[in-house]
Amino acid sequence: MMTFTIFGVSSVALFGQLLLGLINGAFYAMLSLGLAVIFGMLNIINFTHGAQYMMGAFVAWMLLDYLGIGYWPALVLAPVIVGITGVIIERTMLHRLYKLDHLYGLLLTFGLALTIQGLLRNQYGASGLPYAIPDELRGGTNLGFMFLPNYRGWVVVASLVVCLTTWFVIERTKLGAYLRAATENPTLVQAMGINVPRMITLTYGTGVGLAGLAGVLAAPIYSVNPNMGADLIIVVFAVVVIGGMGSILGSIVTGFGLGVVEGLTKVFYPEASATVIFVIMVIVLLTKPAGLFGRNA
Amino acid sequence: MREQTNGADGGRTPFLRVQGLNAWYGESHVLHGIDFEVHEGEVVTLLGRNGAGKTTTMKSIMGIVGRRQGSVVFKGTETIGLPSNRIARLGLAFCPEERGIFSSLNVEENLTLPPVIAPGGLSVETIFELFPNLKERLKSQGTKLSGGEQQMLAIGRILRTGARMLLLDEPTEGLAPVIVQQIGNTIRRLKQEGFTILLVEQNFRFAATVADRHYVMEDGHVVAMVRNAELDQRMDEIHEYLGV
Ligand SMILES: Nc1ncnc2c1ncn2[C@@H]1O[C@H](COP(=O)(O)OP(=O)(O)O)[C@@H](O)[C@H]1O
Ligand SMILES: [Mg+2]
């Protein structure tokens, strides 16, 4: 392997942290994307998002442990199952809150997150359950300048595909045009003959399903743990604030970008790596309150 | 004024019949028992001062006010209990006063947004014939158009859908005389094509050039019905209502 040093840091360490940053960024991007879509349509800041990501991982683990259903089918099934729970939550609870202040949706979704985490912690403990990397993606590849674990490469590629597909659907298709229009003026879109309440339900289900998908992708990397979402979601909210609430492309670029920034900070100034995103958030809030990609209200 | 269904229009069943319509925004009671009807192929206007309740009447027909009561029968279907998407799919299309062009959609997306609900709508080519400006701006952001062009887009997009009755809320408001004329021509053309139109107008000189009948509204009531042919005789009365 070809190695060198930059500013006294070995290239192996540098690329290793860059890769870790990209992986974290992939999760930031997928989660903030779902949050942005949900916020646009429902006007609700979905604090359950982290728990729903965790549910994705748990459902994958349960499918394997109880039913012997492996990673690849779980990659489809778990998001659908998590999405269906989202549809139920929207139909039975969230839709009563749309006319009220944002704060009520925030409190409800926060309470739901704590409930889901608590129930799973009660049942499965907090120590974490292992989920194996699928056989096809074991091992790694020597790229010449670094060693790339195959599964991690897959996560980056898969999440990029998911993010770009979501972006394409929203920005370039008829369905996306309905979604954008309904985000601006739901009353008028409904008066054109579109069943907007159903669209809102499906948007929540899809956004939440996206979190579930991220959870399945995460399961083989991090142990499946009731707290895995709670730890992540705080950073994801910072990402959303930096990118600008409601911007699709902003969520993707900011997610990956901040993952990389965090990774690089780990290399060059490790003491700041846990706080760098929040420092950036403060700076962005002070200079560009609508976020880097946000439209000013 | 209380016009009977089988009044002067030969007992035909009206295309749209509004009876005893009440509407509220929150606690404020805005429409107090509105009665009127529109026959198939007619162009009918709602005249009245600012705040008389014209827009609210249109929104109540579309089912997008806070609360409404009474009866709105469109093509034989009672719509008072229906959600607005179902009402639209019966063949009613609404062009709002504020135009409602979506800024996150380009002109083409705005134009093709309303779903086709029945066969018989105008083709996109015919719409470009009516409003040539739109064709040149297809990829522009919807809200980057001039006011007149936005109004053309707002009217154009509801012509594709196959809806046979159009509710146009002040389509000429704030527009240059040339464009007002273009919109007038469009309304006459649409009438020829058999569309039924309910039009809100402040400018009753314009209304007189396109409409068959006029209803005058005041404080949430319909206070007069005037045929276009009687307009000259009843000018004083109308001036009084409109305060011009
Ligand atoms: N969204 C609303 N909330 C509360 N009151 C409203 C609202 N819209 C209109 N109103 C009131 O209802 C009355 C009728 O308004 P509107 O139907 O817009 O009149 P017009 O279109 O004839 O000018 C007015 O007094 C207006 O202030
Ligand atoms: Mg009005």
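That block above? That's the structure.
No experiment lies behind these values; they were computed from the predicted model shown.

**Some points on the pairing of strand β4 (residues 67-74) of chain B**
Regular strands place their side chains on alternate faces of the sheet. Residues and elements named next belong to chain B. One ladder, built from seven bridges, connects strand β1 (residues 16-25) with β4; its direction is antiparallel. Each residue of the ladder has a partner; that of V18, found in β4, is V72. Taken together, the two bridges between β4 and strand β5 (residues 77-78) define a ladder with antiparallel strand orientation. Within β5, the position partnered with V73 by the bridge is E78. Here β4 folds back onto β5 in antiparallel fashion, the turn holding two residues, of which K75 has a positive phi close to 45°.

**Looking at the packing of aromatic side chains**
Scanning all chains against the criterion turns up 14 aromatic pairs over all chains. Centre to centre, the rings of Y71 of chain A and Y131 of chain A are 6.5 Å apart; their planes meet at 50°, and the pair counts as tilted. On the criterion of sequence distance, the pair formed by Y71 of chain A in helix α3 (residues 71-92) and Y131 of chain A in the loop between α4 (102-124) and β3 (140-142) is long-range, its members being 60 residues apart. A residue is classified by how much of its surface remains accessible, and Y71 of chain A, at 5% relative accessible area, is buried. By relative accessible area, which is 7% here, Y131 of chain A ends up buried. A connected cluster of aromatic rings, assembled from ring pairs, spans Y71, W72, Y131, Y151 and W154 of chain A. Here R67 of chain B stacks its cationic end above the ring of W24 of chain B, 4.0 Å away from the centre of that ring. Positioned over the ring face of F195 of chain B is R164 of chain B, at 4.5 Å from the centre of the ring.

**Let's talk about the site of ligand 1**
Residue and element names in this part refer to chain B. Surrounding ligand 1, one finds Y25, V30, R49, N50, G51, A52, G53, K54, T55 and T56. The backbone of A52 places a nitrogen or oxygen atom 3.2 Å from an oxygen atom of ligand 1. Contacts to ligand 1 include T55, whose side-chain N or O atom sits 2.7 Å from an oxygen atom. Protein chains bury 59% of the 560 Å² of accessible surface belonging to ligand 1 in isolation. The element contributing the most residues to the shell around ligand 1 is helix α1 (residues 54-62), with three residues. By residue class, the composition of the shell around ligand 1 is three nonpolar, five polar and two charged.

About the cut-offs
Residues numbered from 1 in each chain as written. Chains lettered and ligands numbered in written order. Predicted model: local features only at pLDDT ≥ 70, side-chain atom pairs only at ≥ 80, totals over all residues. Heavy atoms only, no water. Pairing = 2+ DSSP bridges. Helix = DSSP H or I, 4+ residues; strand = E, 2+ residues; numbered from the N terminus. Phe/Tyr/Trp six-rings, centres within 6.5 Å; stacked < 30°, edge-to-face > 60°. Buried < 20%, exposed > 50% of the residue type's maximum accessible area, 1.4 Å probe, protein only. Lys NZ or Arg CZ within 6 Å of the ring centre and 35° of its normal. Near = heavy atom within 4 Å. Polar contact = N/O pair within 3.5 Å; in protein donor to acceptor, adjacent residues only side chain to side chain. Areas by Shrake-Rupley, 256 points an atom, 1.4 Å probe, with all protein chains shown as cover. Nonpolar A, V, L, I, M, F, W, Y, C, P; charged D, E, K, R; others polar.

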